[in-house]
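Below, each chain spelled out in residue letters.
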Amino acid sequence: ETGVTQSPTHLIKTRGQQVTLRCSSQSGHNTVSWYQQALGQGPQFIFQYYREEENGRGNFPPRFSGLQFPNYSSELNVNALELDDSALYLCASSRGAPGGEKLFFGSGTQLSVL
Amino acid sequence: GESVGLHLPTLSVQEGDNSIINCAYSNSASDYFIWYKQESGKGPQFIIDIRSNMDKRQGQRVTVLLNKTVKHLSLQIAATQPGDSAVYFCAENPQTSGSRLTFGEGTQLTVNP
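Residues numbered from 1 in each chain as written. Chains lettered and ligands numbered in written order. Predicted model: local features only at pLDDT ≥ 70, side-chain atom pairs only at ≥ 80, totals over all residues. Heavy atoms only, no water.

Caption draft 1: Just the state of the cysteines, in detail. For the structure shown, the criterion picks out 2 disulfides over all chains. A sulfur-sulfur separation of 1.8 Å characterises the disulfide bridge that pairs C23 of chain A with C91 of chain A. An S-S torsion of about -65° defines the bridge between C23 of chain A and C91 of chain A as left-handed. Of the two residues, C23 of chain A sits in strand β3 (residues 19-24) while C91 of chain A sits in strand β9 (residues 87-94), which places them 68 residues apart along the sequence. The pair formed by C23 of chain A and C91 of chain A is uniform in burial state, with each residue classed as buried. The partner cysteine of C23 of chain B in its disulfide is C90 of chain B, sulfur to sulfur 1.8 Å. Taking the torsion about the sulfur-sulfur bond, which here is approximately 50°, the covalent link between C23 of chain B and C90 of chain B counts as right-handed. Residue C23 of chain B is located in strand β3 (residues 19-25), and its partner C90 of chain B is located in strand β9 (residues 86-94); the two are separated by 67 residues in the primary sequence. Note on C90 of chain B: relative accessible area 0%, which makes it buried. (Disulfide = S-S within 2.5 Å. Helix = DSSP H or I, 4+ residues; strand = E, 2+ residues; numbered from the N terminus. Buried < 20%, exposed > 50% of the residue type's maximum accessible area, 1.4 Å probe, protein only.)

What follows is the structure, encoded as structure tokens:
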């Protein structure tokens, strides 16, 4: 167990809806990253938060947004859901300023968009 | 764009044998590499990492080798056990990208008893 917890574990939404996924980082970790993992593929970087500010973003549209709170927990919000958004969403935390440190992943939220 | 690729999508070994999982990367700016293990229904689990100023690093039953000349990374698992069955990902961190990791597609390791 990494100490990174995500909720919910599974979620079913319909196209056009909005969803919020939550992540609690491992104790002592102040950086949170979000990744999307489609079935049979490696995780793809969505964005990262450090000290409550976005610190880097991958190739995802603006309808993917996030927040980091003072206790370093984080949310991933996706608006106007599309069928292709169906995936495993992974949260990872790390310690210290971003830059080459190992990431510890949670078990993910499996999102299905119908 | 830049990507991390794996040479073999699947690898099947006998229990007790040594396993070698290979990975090719294309971004010469990458200075940090990680191997993750992912079991079904779980998130990636950190196995071992290596920085670009090293050629080899050993952990418990695992060794990572880095060949920067040919941009190749490998994970060696000694005395493979059934519990090692999982998908293994290599990931790279380009120096210019903060700490975003670029993952390959993964290799499915199956250990036969």
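Caption draft 2: Seen up close, the sheet that holds strand β7 (residues 64-68) of chain A. Residue and element names in this part refer to chain A. Read across the open sheet, the 4 strands follow the order β1-β3-β8-β7; overall the sheet is antiparallel. What marks the edges here is a single partner per strand, and that holds for β1 (5-7) and β7. The sheet shows a mean angle of 20° between the axes of neighbouring strands, direction not considered. In the sheet, β7 pairs with strand β8 (residues 74-78) via 5 bridges, with the strands oriented antiparallel. Bridge pairing links S65 to N77 in β8. (Pairing = 2+ DSSP bridges. Axes fitted to C-alpha atoms, helices over the stretch in contact; angles between N-to-C directions.)

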